[in-house]
Amino acid sequence: MGDTGVMIHIQSLIDDAKCFETVRTLRWPDGVSCPHCDSFDVTKQGRDDTQPERQRYLCQACERRFDDLTDTIFAGHHQPLRVWILCLYFMGLNLSNHHIAHELDLNKDDAQQMTSQLRQGIVLKKPSPTLTDEVECDEAYIVAGHKGKPEEVVKKGGTAGADASRGNVAAAPSQRRSPRFSG
Ligand SMILES: [Zn+2]
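A.B. asks: Can you lay out the environment of Tyr-89 for me, pointing to particular residues and giving the numbers?
C.D. replies: Mapped onto the fold, Tyr-89 is located in helix H2 (residues 81–92). On the accessibility criterion, Tyr-89 (47% relative accessible area) is partly exposed. For the pair Tyr-89 and Ile-100, spaced eleven residues apart in sequence, the C-alpha to C-alpha distance is 9.8 Å.

A.B. asks: Provide a residue-level description of unusual backbone geometry, including the pertinent values.
C.D. replies: Excluding glycine, most residues fall at negative phi; most peptide bonds, likewise, are trans. Of note, Asp-38 is a non-glycine position whose phi angle comes to about 70°, a positive value. What makes Asp-38 partly exposed here is its relative accessible area of 49%. Despite not being glycine, Asn-94 has its phi angle at roughly 65°, a positive value. On the basis of relative accessibility, which here comes to 70%, the residue Asn-94 falls in the exposed class.

A.B. asks: So what's going on with the coordination of the zinc ion? Residues and values would help.
C.D. replies: The protein atoms that coordinate the zinc ion are Cys-34 (SG), Cys-37 (SG), Cys-59 (SG) and Cys-62 (SG), at distances of 2.3 Å. Between consecutive donor residues of the zinc ion, the sequence gaps follow C-x2-C-x21-C-x2-C. Placement of Cys-34 in the loop between helix H1 (16–27) and strand S1 (42–47) and of Cys-59 in strand S2 (residues 55–59) is noted, with a sequence separation of 25 residues between them. A relative accessible area of 1% places Cys-34 in the buried class.

A.B. asks: Help me get a handle on the side chain of Asp-67, residues and values and all.
C.D. replies: Relative to the elements of secondary structure, Asp-67 occurs in strand S3 (residues 65–67). A polar atom in the side chain of Asp-67 sits 3.0 Å from the side chain of Arg-54. In this structure the side chain of Asp-67 is engaged in a polar contact, spanning 2.8 Å, whose partner is the backbone nitrogen of Leu-69. Sequence-distant contacts of Asp-67, that is, excluding residues within four places in its chain, are made with Arg-27, Trp-28, Asp-48, Arg-54, Gln-55, Arg-56 and Tyr-57.

The rules we used
- Residues numbered from 1 in each chain as written.
- Predicted model: local features only at pLDDT ≥ 70, side-chain atom pairs only at ≥ 80, totals over all residues.
- Heavy atoms only, no water.
- Helix = DSSP H or I, 4+ residues; strand = E, 2+ residues; numbered from the N terminus.
- Buried < 20%, exposed > 50% of the residue type's maximum accessible area, 1.4 Å probe, protein only.
- Donors = N, O, S within 2.8 Å, 3.2 Å for Na, K, Ca; no water.
- Polar contact = N/O pair within 3.5 Å; in protein donor to acceptor, adjacent residues only side chain to side chain.
- Contact = heavy atoms within 4.5 Å.

This is the structure we're talking about:
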């Protein structure tokens with residue numbers, strides 16, 4: 001049988017550098033952008049003092065600093081990033097909270113809290129901008145899926161691709177008297 005009785009600890013197989021790389025790919029699929037002003041004009045500013053894989057940045061547009069974890073659910077959390085990433089991985093395998101807690105040596109409450117946070121997304125939600133003065137809203141179409149009515153979607157200028165399939169809100173005030181919509 002060999003040494004199959006040896007316990008393999010999954011956390012020791014995980015590389016911190018890969019974990020930070022994973023976070024960057026998840027939150028910035030189009031390249032690093034400033035969490036404060038969304039600018040892509042960003043320069044690297046060395047690494048974190050205690051976590052050498054954690055990249056720091058300076059935004060050239062608003063001159064504020066941030067790093068890989070700024071505004072994410074991982075920032076300031078006592079669990080190391082690799083525990084979160086493994087948690088995400090196990091969620092992808094459909095493991096129960098109980099099972100995840102066991103694999104990662106967490107208590108069940110922590111595992112429960114982490115999985116529910118991860119389901120909300122890794123980037124913290126910004127408060128919606130407050131609208132001031134008069135706000136006018138023109139007519140809007142709401143296309144909530146197009147099951148059985150593909151021709152409706154085509155008529156309204158939607159595509160059969162990704163957007164049309166997940167409920168599409170399109171304001172098209174200038175087209176409302178277009179003959180395309182009359183019948
Ligand atoms: Zn900025």
